[in-house]
Number of protein chains: 2
Amino acid sequence: MTAHRFGDMDPEAFRREAHRLADWIADYLANSSRYPVLARVAPGEIRSQLPSEAPVSGETFDDIFRDFEKIILPGITHWNHPGFFAYFAITGSGPGILAEFLSAALNQQAMLWRTSPSATELEEVTLGWLRRLIHLPDGFEGVIYDTASISTLHALAAARERAVPHVRHRGLWAAGEQRNARTLDRLPFVVYGSDQTHSSIDKAVILLGLGHESLRRIPCDADFRMRVDALRSAIAEDRAAGLTPMAVVATVGSTSTTSVDPIREIAAVCAEHNIWLHVDAAYAGVAAMCHGYEHLLEGAATADSLVVNPHKWLFTPFDASVLYCRHLDLLRSAFSLVPEYLKTTDPSAVRNLMDTGIQLGRRFRALKLWMVMRHFGAEGLRDRIAEHMRLARLFASWVDDSETFERLAPVPFSVVCFRATGPVDAIQIDVDALNERILESVNRSGEIFLSHTRLHGKYAIRLAIGNLHTTEQHVRRAWNLITAGLSEASRLH
Amino acid sequence: MTAHRFGDMDPEAFRREAHRLADWIADYLANSSRYPVLARVAPGEIRSQLPSEAPVSGETFDDIFRDFEKIILPGITHWNHPGFFAYFAITGSGPGILAEFLSAALNQQAMLWRTSPSATELEEVTLGWLRRLIHLPDGFEGVIYDTASISTLHALAAARERAVPHVRHRGLWAAGEQRNARTLDRLPFVVYGSDQTHSSIDKAVILLGLGHESLRRIPCDADFRMRVDALRSAIAEDRAAGLTPMAVVATVGSTSTTSVDPIREIAAVCAEHNIWLHVDAAYAGVAAMCHGYEHLLEGAATADSLVVNPHKWLFTPFDASVLYCRHLDLLRSAFSLVPEYLKTTDPSAVRNLMDTGIQLGRRFRALKLWMVMRHFGAEGLRDRIAEHMRLARLFASWVDDSETFERLAPVPFSVVCFRATGPVDAIQIDVDALNERILESVNRSGEIFLSHTRLHGKYAIRLAIGNLHTTEQHVRRAWNLITAGLSEASRLH
């Protein structure tokens, strides 16, 4: 039966297909390892199997789902696969998937309190839960965005709002009104990150009109942590040149190596110079809930803002990024704008989420966070995050014990950066090329997927653990594949 | 049974709960009208029923779902209710909900082609389908963002990239290098909208560092369409003052009244002065696929960019906004940034979606668009959109035929703006207050939810039709409730 002329999908067809999908997804989650983790299709292969025009008549969901399995599924890289060790490994967990199913059906658009009181208030409640679990003080108010890129963008927009008088109305013209600015050959504002800070900060300064040259990348120490002495010098130099240090972005769990910047010392520098401190804890912030890691974010207590992504390492389906900010009023004064058609007679005490950002519309993302946190519980979340860290340390110990591999960075959380140093009998080899070949070879296996980075100029393989289906057995299998990859690459050499 | 210590939710518990949810959602969609459409809770009522700490131990999904029904559901404003006539009425349709369920399970993060070839290529295919259905020429390349606010932000970022030399690197300093700029007392760039243009354009110019004063709102004619003569005069005036007209935002289906700006004439002005033309067709763009509306976007053929939101009137669950752009390379040159850990050896021909925007991470939103378009088919989509327009015209005819109501704007699509003019026997009444009381009274009914706007200074009630469950019977019931609301409000007067 195809679609009716009007109305939604036939209710009984929906029920039938929803049940079929429930089984398909349950099977998928239980057996995702039977798929090759990295899609094996060639560029254009999916596109070429699909028509260039929408069908004229409606089709049954049965037909559509058949094409999903035949055409779309082979082009899926399985982020929910136990052998996914690339980038940051993530989990669309059971309770999170169920919550997204429900959220799609409710189709909430939480721009105003009245358009979804539950989405608005549950966001506040769950972000309070998360804040307490990671030991951030009360002064931090939370708001959910889609991605860390957007959270960081808002943090830097708030920093700009504080640093540049009248920027909302006058834009960066106000820069020209600053002391000395007319004698400068550039905008006077500077944002600081380290050479390990995420690229979202580059995109943010570009979007905000500050220009890429406003970003100063401070060098790191041997363990990829921002050098506070270098930060101090850069700030002093910039101030002497008549520039205004606007914000520092420090990282807890950087993207390449998961290094942790010395937040407390950086916070002291920022306090001294009245610079906005934004902490990027998108990946590793949740580790602060684990026993022995309670002090992880202690230095961030006086930061102005901090981002942590439940969709990274808190088992929440993508997307859900949380910005905690001690001055959310600055974001409101930057962005609040209420046209007549959105005015309400609700009490002024209610929070309208559209006031804290660039996006008017907002999905009901707190629902999945709530269901995930309740289903696993604080101890369950802790145990799982701790287990991922244990597995990473275990893998690191194999690397450390090996004569043909070396570790390239400390392992504070669940990511290991390492490389093969070459077969023992090789005199002169291109180590980078060797490791590239190993990576390609293990990724071709279909059993695991790893990515790479470059550290102190060396090509480094990254193994990231973060999927709930990943067990010690999968990590052990990864190590076996990697060592076999080295043998194969050496033979080919 | 509660959660295990490690791993995801128990697979059989997931299966059981997914089936239960399938039934719950099927029942919900079939009977959403049994809930009051506008949530009846008081501010703080949801929050006060929830603990301030996450549970220590994990809980069964059964317990969590019980609280969802008891605590969360009463705080839901039912956007998927046939009596939802507020703002823009939307639909989370059956095929779209199923697609979101699947998308959450696959948990794709489509930043790079290789991290999801299917999400990347299906986005290209479905946006080609939609583009052809709404009769936009081939030159428009599409990309999916979350909201129209973000689509419009990217459009204006591309306009800024074109208008301001070296803005990526130097920021808005480059402004100071423009001819005459040093003699100005403001940034030299101007963005034009009408007094009906959506507030997202205000937020975009603020975020981009242009400042709110860079936005010029051109007056409209009596039917809320941008006056092209006034636009011409404003541009001439600004150019004479040494300013640089940067972009014009024209609207097809404005938020208050769904008015349509004279796009062809505006496009001619923009071409003449080399100004970026962005067309906001977020709501009404899809109407261009209907018989008799094929020419709706004809004038936009030479626009630089256009936004249309499948989550508004194309039955796709929130969120999914499409930006079509004829110079997506400009967005790429504004934002493309590839750190080592995201470099791939894939052929340079592949499209990496992270290159076209501020957000690195992207959900697999094309899946729901694909399933919705296939399930309803082009004719099915047309019929449904046309039916909503028929219902709006029908409602408008009742307003027009009434002695106690008047229509306040034309009805080009599916939104009717009107007001009660008062009981015939009233000599002197506050008409605005009367209509506010009518709105409050009908919204209290729980059967329908309407919102308001203000037109030529008059408080106007808006009835927006866009939910697939809405039938003529619901629209008729709305009219009865509104006329009864007038009687009640008049008695109270």
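Glancing now at the overall build of chain A. A count of helical and extended segments in chain A gives 15 helices and 11 strands. Its C-alpha radius of gyration of 25 Å places chain A within 12% of the 23 Å reference for a compact globule of 493 residues. Its C-alpha atoms put chain A at 75 × 65 × 45 Å along the principal axes. For chain A, the residues scored as buried account for 61% of the 493 residues in total. In chain A, of all internal contacts separated by at least 6 residues, the share reaching a separation of at least 24 is 72%.

Each side of the interface is counted separately: chain B has 142 residues, and chain A has 142 residues. Looking at the side of chain B that touches chain A, the element that brings in the most residues is helix α1 (residues 11–30) of chain B, giving 14 residues. Each residue belonging to the side of chain B that touches chain A can be placed in one class, and the counts come to 70 nonpolar, 42 polar and 30 charged.

A few words on helix α13 (residues 366–401) of chain B. Compared with an ideal rise of 1.5 Å per residue, which puts 36 residues at 52 Å, α13 of chain B spans 44 Å between its outermost C-alpha atoms and falls more than 12% short. At G377 of chain B, α13 of chain B shows its strongest bend, of approximately 90 degrees.

Turning next to the sheet that holds strand β6 (residues 305–308) of chain B. All names here are of chain B. With mixed pairing, the 7 strands of this open sheet are ordered in space as β1-β7-β6-β5-β4-β2-β3. Where the open sheet ends on each side, the last strands, each with one partner, are β1 (141–145) and β3 (215–218). Each strand of the sheet is rotated relative to its neighbour by a mean of 20 degrees, with strand direction disregarded. In this structure, β1 lies alongside strand β7 (residues 321–325), joined through 5 bridges in antiparallel fashion. Bridge pairing in β7 places G142 opposite Y324. The strands that helix α9 (residues 228–240) touches are β2 (189–194), β3 and β4 (244–251); relative to β3, the one it contacts most, it runs at about 150 degrees.

With that settled, the discussion passes to the nonpolar core. Of all hydrophobic cores here, the largest spans 358 residues; its most connected members are F85 of chain A together with F85 of chain B. Residues contacting F85 of chain A, with those up to four places away along its chain left out, are I448, F449, L450, L463, A464, I465 and A478 of chain A.

Another aspect to go through is the domain arrangement of chain A. Residue and element names in this part refer to chain A. According to the domain assignment, chain A contains domain 1 (109–363) and domain 2 (374–492). The distance between the C-alpha centroids of domain 1 and domain 2 comes to 32 Å. Across the side of domain 1 that touches domain 2, the residue classes break down as 11 nonpolar, 6 polar and 1 charged.

Before going further, it helps to spend a moment on the relation of the copies chain B and chain A. Mapping chain B onto chain A leaves a residual RMSD of 0.0 Å; the transformation is a rotation of 180 degrees accompanied by 0.0 Å of translation along its axis. In symmetry terms, the pair is related by a two-fold rotation axis. A shared binding surface is used by both copies, with 100% of the interface residues of chain B retained as interface residues in chain A.

This part covers the pairing of strand β10 (residues 451–455) of chain B. All names here are of chain B. Two strands pair when backbone bridges link them, and β10 and strand β11 (residues 458–464) are joined in this way by 5 bridges, in the antiparallel orientation. Bridge assignment links R454 to a residue of β11, and that residue is Y459. Connecting the antiparallel pair β10 and β11 is a turn made up of 2 residues, with H456 showing a positive phi of about 45 degrees.

Residue and element names in this part refer to chain A. At a minimum axis distance of 9 Å, the contact between helix α6 (residues 148–163) and helix α8 (residues 200–207) shows a crossing angle of 50 degrees. The angle between α6 and α8 falls in the class oblique. Note on packing geometry: the crossing formed by α6 with α8 is right-handed. Contacts between α6 and α8 involve A148, S149, T152, L153 and L156 from the former and S200, I201, K203, A204, V205 and L207 from the latter.

Residues and elements named next belong to chain A. Across the sheet, 7 strands lie side by side as β1-β7-β6-β5-β4-β2-β3; this open sheet has mixed pairing. The open sheet has two edge strands, β1 (141–145) and β3 (215–218), and neither has a second partner. Sheet twist, expressed as the mean angle between neighbouring strand axes with direction ignored, is 20 degrees. Sheet topology places strand β2 (residues 189–194) next to strand β4 (residues 244–251); 4 bridges connect them, and they run parallel. If you follow Y192 over to β4, its bridge partner there is V248.

What follows covers the environment of T258 of chain B. Residues and elements named next belong to chain B. Checked against the element boundaries, T258 lands in the loop between β4 and α10 (263–273). C-beta crowding within 10 Å serves as the criterion here: with 27 such atoms nearby, T258 is assigned to the buried category. Once the C-alpha coordinates of T258 and A464 are considered, the two residues, 206 residues apart in sequence, prove to be 9.9 Å apart.

All right, on to unusual backbone geometry then. A cis geometry characterises the amide bond from F318 of chain A onward to D319 of chain A, with omega recorded as 10 degrees. Its place among the elements puts D319 of chain A in the loop between α11 (310–313) and β7 (321–325).

Looking at chain A as a whole, its pLDDT mean stands at 94, while 96% of the residues score no less than 70. Interface confidence for the predicted complex, given as ipTM, is 0.97, next to a pTM of 0.97.

With that settled, consider the environment of W313 of chain B. Residues and elements named next belong to chain B. Inspection of the secondary structure puts W313 in helix α11 (residues 310–313). By C-beta crowding, W313 is classed as buried, having 28 other C-beta atoms within 10 Å. Expressed as a C-alpha distance, the spacing of W313 and H78, which sit 235 residues apart in the sequence, is 16 Å. In this view, W313 contacts Y283, V286, I385 and G466; residues no more than four positions away in its chain are not counted.

Moving on: the packing of helix α4 (residues 94–106) of chain A against α1 of chain B. Running from amino to carboxyl end, α4 of chain A crosses α1 of chain B at an angle of 5 degrees, the nearest separation of the two axes being 10 Å. Relative to α1 of chain B, α4 of chain A is oriented roughly parallel. In this structure, α4 of chain A uses G94, L98, F101, L102 and A105 of chain A to contact α1 of chain B, whose residues at the interface are F14, E17, A18, L21, I25, Y28 and L29 of chain B. Its residues placed into classes, the contact of α4 of chain A with α1 of chain B shows 10 nonpolar, 1 polar and 1 charged.

This part takes up the environment of H4 of chain A. By secondary structure assignment, the location of H4 of chain A is in the segment before α1 (11–30). For H4 of chain A and M389 of chain A, which are 385 residues apart along the polypeptide, the C-alpha to C-alpha distance reads 53 Å.

The rules behind the values
- Residues numbered from 1 in each chain as written.
- Chains lettered and ligands numbered in written order.
- Predicted model: local features only at pLDDT ≥ 70, side-chain atom pairs only at ≥ 80, totals over all residues.
- Helix = DSSP H or I, 4+ residues; strand = E, 2+ residues; numbered from the N terminus.
- Rg over C-alpha atoms; globule rule 2.2 N^0.38 Å.
- Buried ≥ 20, exposed ≤ 12 C-beta atoms within 10 Å, placed from the backbone.
- Contact = placed C-beta atoms within 7 Å.
- Nonpolar A, V, L, I, M, F, W, Y, C, P; charged D, E, K, R; others polar.
- Expected span 1.5 Å × (residues − 1).
- Bend = angle between axes of the 7 residues up to and from the residue.
- Pairing = 2+ DSSP bridges.
- Axes fitted to C-alpha atoms, helices over the stretch in contact; angles between N-to-C directions.
- Core = buried A, V, L, I, M, F, W, Y, C linked by C-beta atoms within 7 Å.
- Domains from an automatic or database assignment.
- Least-squares fit on C-alpha atoms with pLDDT ≥ 70 in both.
- Parallel < 35°, antiparallel > 145°, perpendicular 65-115°, else oblique.
- Left-handed = near helix turned anticlockwise from the far one by under 90°.
- pLDDT = per-residue confidence, 0-100.

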